[in-house]
Amino acid sequence: MTTAEAETGRTVTSNIPARLDRLPWSRWHWTIVIGLGTVWILDGLEVTVVGNIAGRLSEPGSGLPISSGQVTGMAAALYVAGACAGALFWGRLTDKWGRKKLFMITLAVYLAATALTAVSFSTWWFFLFRFLTGFGIGGEYAAINSAIDELIPAQYRGRVDLMINGSFWLGAVGGSLLSIVALDTSVFAKDVGWRLTFALGAVLALVILLVRRHVPESPRWLLIHGRDEEAERIVSSIEERVEADRGEPLPPPAPDAELTIHQRRSVTFVEIGRTVFSKYRRRAVLGFALFIGQAFLYNAITFGFGAILTTFYDVPTGNTGYYFAVIAVGNFIGPLLLGKLFDTVGRRVMISSTYLLSGLLLFGTAWLFDRGALDATTLTACWCAVLFFASAGASSAYLTVSEIFPMETRAMSIAFFYALGTAAGGISGPLLFADLTGTGHVGDTVLAFQIGAALMCVAGLVAAALAVKAEQKSLEDVARPLTAVASETRSRSAAV
């Protein structure tokens, strides 16, 4: 008797994945995008707001005994550490307990932690709830990417995933603009405005939490975990809604698209490790390269962003937010405009080209910067061009690790590579680039740009060799579930 049979006693054959993938786009899918995708806006809002209010928090009368360095240093590091820990902790539970349960829990953690940050009265309290805010956000990445990729039809999966991950930058724009209003002492007192920015994040999270109640559990996850009758009810309900929205019958699923699986409750860490690092080691190398490359490129540009503008171009500190808003818009437009090509031209071509183009453009920017050929405006324009492609590439990293590993390991794989990239970007990246961009020497800043560009180009070359052609393919065709059995066993299986 196999482990799966011992735990559930059932082997089933189902066409549920094929039925989900053949659905045409409808209003129901927009409900999924809005309910699940808006968390990245919250993440962008959080990160940007904290950076922008650092100066205000350190001022007398802010209501919090903290320095600007502690806000951008210790508090930022704790947020990153919380995100890494949360991704790994919640990622494991997402694969074990289900997508819906975890994307509700993690958002509730974020909501509570953000609300409690708003009432901070001492440094330790602020630090603690910055960590817990990150802890909730980190869990969101694993739960949300898993759910989205398992609910969105195969032909749209790439563009939707990129658009959603790229929406982080909408939050960044909103955070920049919100900070301008919240920090205006003619509108709010010094000890009130910054608290309202965190409180608003909690209010937005509450609204999203209410919307998410209507997002179903992933039928794919239910099918594998012995809840096939519930999966059947959910898929039938979705099909009815989509038919009603479009006013026409749905196309039939492919006749040969059935999947036979041994149902089971969980997968061990040993199985996860063996699957990711042994069976799919080339894909693991791809995941490492994509996440490390994008993490270092973003730190090469954005870490010390304000310092570069003020040091080399005499931009007033209060005006750097406007430049940041411009590059944030460029970051969002990239995935929005290029996303469809990841589903049509293909993953390998688009992932490798976006990484290589952004790296080469950053090399060119470094050369112009070294020659003194740029001013604040043209440097920002160059950054926009770099990040237009880099943002699409970075978003495709999340898409890639979500779809190239088996269903049973999906959330944990996302969590692992996300934690790796976040740690590299939030810990080793700042340690390296802070020293380089903080010296005030042109050559050191050029070197920072070149390091980020080189790692992005290396990742692009790795993608050209190893990227998986997953466009418009079922997740089960890209990576066969661990619980799947050979086709000849189907005659002994119960049909679903």
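On a predicted model such as this, the values are computed, not experimentally measured, just so you know.

### Structural notes on the overall build of the protein chain
Okay, so step 1: Regarding its fold elements, the protein chain presents 21 helices and 3 strands.
Okay, so step 2: Its C-alpha atoms give the protein chain a radius of gyration of 23 Å, within 12% of the compact-globule value 23 Å for 496 residues.
Okay, so step 3: Buried positions account for 57% of the 496 residues belonging to the protein chain.
Okay, so step 4: Across the protein chain, every contact between residues at least 6 apart in sequence was considered, and the portion connecting residues at least 24 apart equals 86%.

### A closer look at the pairing of strand β2 (residues 259-262)
Remark: a regular strand shows side chains that alternate across the two faces of the sheet.
Okay, so step 1: In β2, alternate side chains face the same way, and those of Leu259 and Ile261 on one face and Thr260 and His262 on the other are all buried.
Okay, so step 2: For strand β1 (residues 11-14) and β2, the ladder comprises 4 bridges, and the chain directions are antiparallel. Bridge pairing links threonine 11 to histidine 262 in β2.

### Here we look at the state of the cysteines
Okay, so step 1: One pass over the full model with this rule turns up 0 disulfides.
Okay, so step 2: Unpaired in this structure, cysteine 457 has its nearest cysteine sulfur neighbour in cysteine 382, at a distance of 16 Å.

### Some points on the nonpolar core
Okay, so step 1: If you look at the biggest cluster of nonpolar residues, it comprises 123 residues, and the most contacted ones within it are Leu36, Val160, Trp169, Leu297, Tyr313, Phe369 and Trp383.
Okay, so step 2: With 14 residues, the single largest contributor to this core is helix α18 (residues 376-403).
Okay, so step 3: Not counting residues within four places of it along the chain, the set of residues in contact with valine 160 comprises Trp25, Val33, Ile148 and Ile152.
Okay, so step 4: With 14 residues, the next largest nonpolar core counts Ile53, Ile66, Phe127 and Leu183 among its residues.

### Here's the deal with helix α16 (residues 320-344)
Okay, so step 1: Taking 1.5 Å of rise per residue, the 25 residues of α16 would be expected to cover 36 Å, and the 38 Å separating its terminal C-alpha atoms lies within 8% of that figure.
Okay, so step 2: Just beyond α16, the residue with positive phi is glycine 346, at close to 125°.

Criteria and cut-off values
- Residues numbered from 1 in each chain as written.
- Predicted model: local features only at pLDDT ≥ 70, side-chain atom pairs only at ≥ 80, totals over all residues.
- Heavy atoms only, no water.
- Helix = DSSP H or I, 4+ residues; strand = E, 2+ residues; numbered from the N terminus.
- Rg over C-alpha atoms; globule rule 2.2 N^0.38 Å.
- Buried < 20%, exposed > 50% of the residue type's maximum accessible area, 1.4 Å probe, protein only.
- Contact = heavy atoms within 4.5 Å.
- Pairing = 2+ DSSP bridges.
- Disulfide = S-S within 2.5 Å.
- Core = buried A, V, L, I, M, F, W, Y, C linked by side-chain atoms within 4.5 Å.
- Expected span 1.5 Å × (residues − 1).

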